[in-house]
Amino acid sequence: MFSFDEIIKQMPVLFEKLIKTEAVDRSQARNRFSRKGVYVFYEDLKPTYVGRSQNIPNRVLNHGRPSSGHNSATFAFLLAKEKAQKFGISLKQTRNLLERDPDFREFYLEAKKRVAKMKIKAVEIKDHEIQAIFGIYASKKFKTKYNDFATH
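Attention in this report is confined to the structure presented alongside it.

Each value, and the rule that gives it
- Residues numbered from 1 in each chain as written.
- Predicted model: local features only at pLDDT ≥ 70, side-chain atom pairs only at ≥ 80, totals over all residues.
- Heavy atoms only, no water.
- Pairing = 2+ DSSP bridges.
- Helix = DSSP H or I, 4+ residues; strand = E, 2+ residues; numbered from the N terminus.
- Contact = heavy atoms within 4.5 Å.
- Axes fitted to C-alpha atoms, helices over the stretch in contact; angles between N-to-C directions.
- Buried < 20%, exposed > 50% of the residue type's maximum accessible area, 1.4 Å probe, protein only.
- Polar contact = N/O pair within 3.5 Å; in protein donor to acceptor, adjacent residues only side chain to side chain.

Taken together, 4 strands build an open sheet; the order of strands is 1-4-2-3 and the sheet is antiparallel. Looking at which strands have only one partner, the edges of the open sheet turn out to be strand 1 (24-25) and strand 3 (46-53). Both strand 2 (residues 37-43) and strand 3 contribute to a ladder of 7 bridges, which runs antiparallel. What sits directly across from Val38, in strand 3, is Arg52. Helix-sheet contacts for helix 7 (residues 128-142) involve strand 2, strand 3 and strand 4 (119-124), and the interaxial angle to strand 3 is about 170°.

Take a look at the structure:
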């Protein structure tokens, strides 16, 4: 168990390690990344979304898999909501209802394809607390647009 101060001291070191990691396609994730840690999606060389997982290779595949639901492809769901709103689709429905809405579904499938094309970087972090704090730290350092730490 690490103290808070010990965890905070690790943040810049982990961030530097993450930055130095080579960005790879989702298909390469299984061979490149350990199971536990924090990952970042890159679009056009720009960090776009930070996530954490106990199984990074599976998690990043799920984000862009056409059959993934809103609990598995959360990043794509956010992208779809952003675009759907521009086209006047009401987002006041529950996530389950929105996912089944035929008008929204087009945007969601398009977003999953978009995510599937993104590059990924990841850093191994086995400790859950360090993962959680580093996920927030990295998203703030990168100023990622799609990370939201509100409770749902």
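What follows covers the side chain of Ser53. Structurally, Ser53 is set in strand 3. The exposure class of Ser53 is buried, given its relative accessible area of 11%. Within the structure, Ser53 has its side chain in polar contact with the backbone nitrogen of Asn55 (distance 2.8 Å). Look past the residues within four positions of Ser53 in its chain and what remains in contact with it is Arg35, Lys36, Gly37, Tyr39, Arg59 and Gln131.

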